[in-house]
Amino acid sequence: MGKADMDVLEARIAAGEEKERKRKAKEMKKELKKKRDGFFADFKKFITRGNVLDMAVGVIVGGAFTAIINSLSNNILKPIINWLLALILGKDSLSEIFTFLTKVEVVDEVTGVKTVDLANSIYIDWGAFINAIINFLLIAFTLFTIVRIINNIRKKLDAKELAEAAEKKAAEEAAKKEADAAAAKAAAEKAAAEKAALEQMYANIARQTELLEKLANK
């Protein structure tokens, strides 16, 4: 093998290696593109699924109802409860219903009036507890009412869909029966027509045979 042949062989080997390198690079790009497209496709599928959208709507609606419940509790119910407590217990509001375990009092140097130091006292805050119960009951009742209304609406819609499906099925069955009856009638008419045609053909053959016999006898 001469030097020229060696050069040609080396050139072919180099060309093959370059071609193989380009093929691998192309396959790697395709694999990366496939992974990237698959990631974004999965993300799109995730954010457009019904349960994710329902969850987002639930969070937004829940935040709105929380504001409504807090307003109802703070601006309507608490004043009424505070008024009743003032009549029964002599307290001005829920914020003053305490059971002190350790009471620390401070004396005003100017007026000499003793006041309770809540920051350094140990006490049970019944007012905050009652307020939490009120908020819980309001939220639970509101959610129960909403879920009940939604379930009733869903039942009515489901019943309507079932009725429409039953009507559609009945109409399809009636149409199928009519089509079957029409097909059977058409088949019977066709069979009768074919039978009549055969009888007519046999009658024609019989007449022709009779005429031929008469001509033969003459």
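Located above this text is the structure these notes cover.
Residues numbered from 1 in each chain as written. Predicted model: local features only at pLDDT ≥ 70, side-chain atom pairs only at ≥ 80, totals over all residues. Heavy atoms only, no water.

(A) Geometry of the overall build of the protein chain. For the protein chain, the helix and strand inventory stands at three helices and four strands. Out of the 218 residues in the protein chain, the part that is buried amounts to 8%. Long-range pairs, those at least 24 residues apart, make up 44% of the contacts in the protein chain with a sequence separation of at least 6. Entry remark: accessible area of the protein chain is about 18400 Å², with carbon and sulfur atoms responsible for 65%. (Helix = DSSP H or I, 4+ residues; strand = E, 2+ residues; numbered from the N terminus. Buried < 20%, exposed > 50% of the residue type's maximum accessible area, 1.4 Å probe, protein only. Contact = heavy atoms within 4.5 Å. Areas by Shrake-Rupley, 256 points an atom, 1.4 Å probe, with all protein chains shown as cover.)

(B) Focus on the pattern of salt bridges. In total, this model carries two salt bridges according to the counting rule given. Between E20 and R23 there is a salt bridge; the shortest N-O distance is 2.3 Å. Placement of the pair is E20 and R23 together in helix α1 (residues 3-47), with a separation of three residues, close to one helical turn. A residue is classified by how much of its surface remains accessible, and E20, at 31% relative accessible area, is partly exposed. In this structure, the salt-bridge partner of E27 is R23, at a minimum N-O distance of 2.5 Å. Of this pair, E27 and R23 are both found in helix α1, four residues apart, which corresponds to roughly one turn of the helix. (Salt bridge = Lys/Arg side-chain N within 4 Å of Asp/Glu carboxyl O.)

(C) Expanded view of a nonpolar patch on the surface. A cluster of nonpolar side chains, namely L101, I122, I124, W126, F129, I130, I133, F136 and L137, defines an oily patch on the protein surface of about 860 Å² accessible area. Looking at the nonpolar patch, the elements that each hand over two or more residues are β4 (122-125) and α3 (126-217). If one sorts the elements of the nonpolar patch by residue count, α3 sits on top with six residues. With respect to the element layout, I122 can be found in strand β4. Classification of I122 as partly exposed rests on a relative accessible area of 48%. (Patch = residues over 30% accessible without salt bridge, like charges linked within 9 Å, V, L, I, M, F, W, Y side chains within 5 Å.)

(D) Focus on α3. Spanning 92 residues, α3 covers 133 Å between terminal C-alpha atoms, matching the ideal 136 Å at 1.5 Å per step. Those residues of α3 that sit buried are G127, N131, I134, N135, L138 and T142. (Expected span 1.5 Å × (residues − 1).)

(E) Here's a closer look at a negative patch on the surface. A cluster of acidic residues, D158, E161, E164 and E167, forms a negative patch at the surface. Relative to the helices and strands, E164 is located in helix α3. Take E164: its relative accessible area is 44%, and that puts it in the partly exposed class. (Lys, Arg positive; Asp, Glu negative; His and termini not counted. Charge placed at Lys NZ, Arg CZ, Asp CG, Glu CD.)

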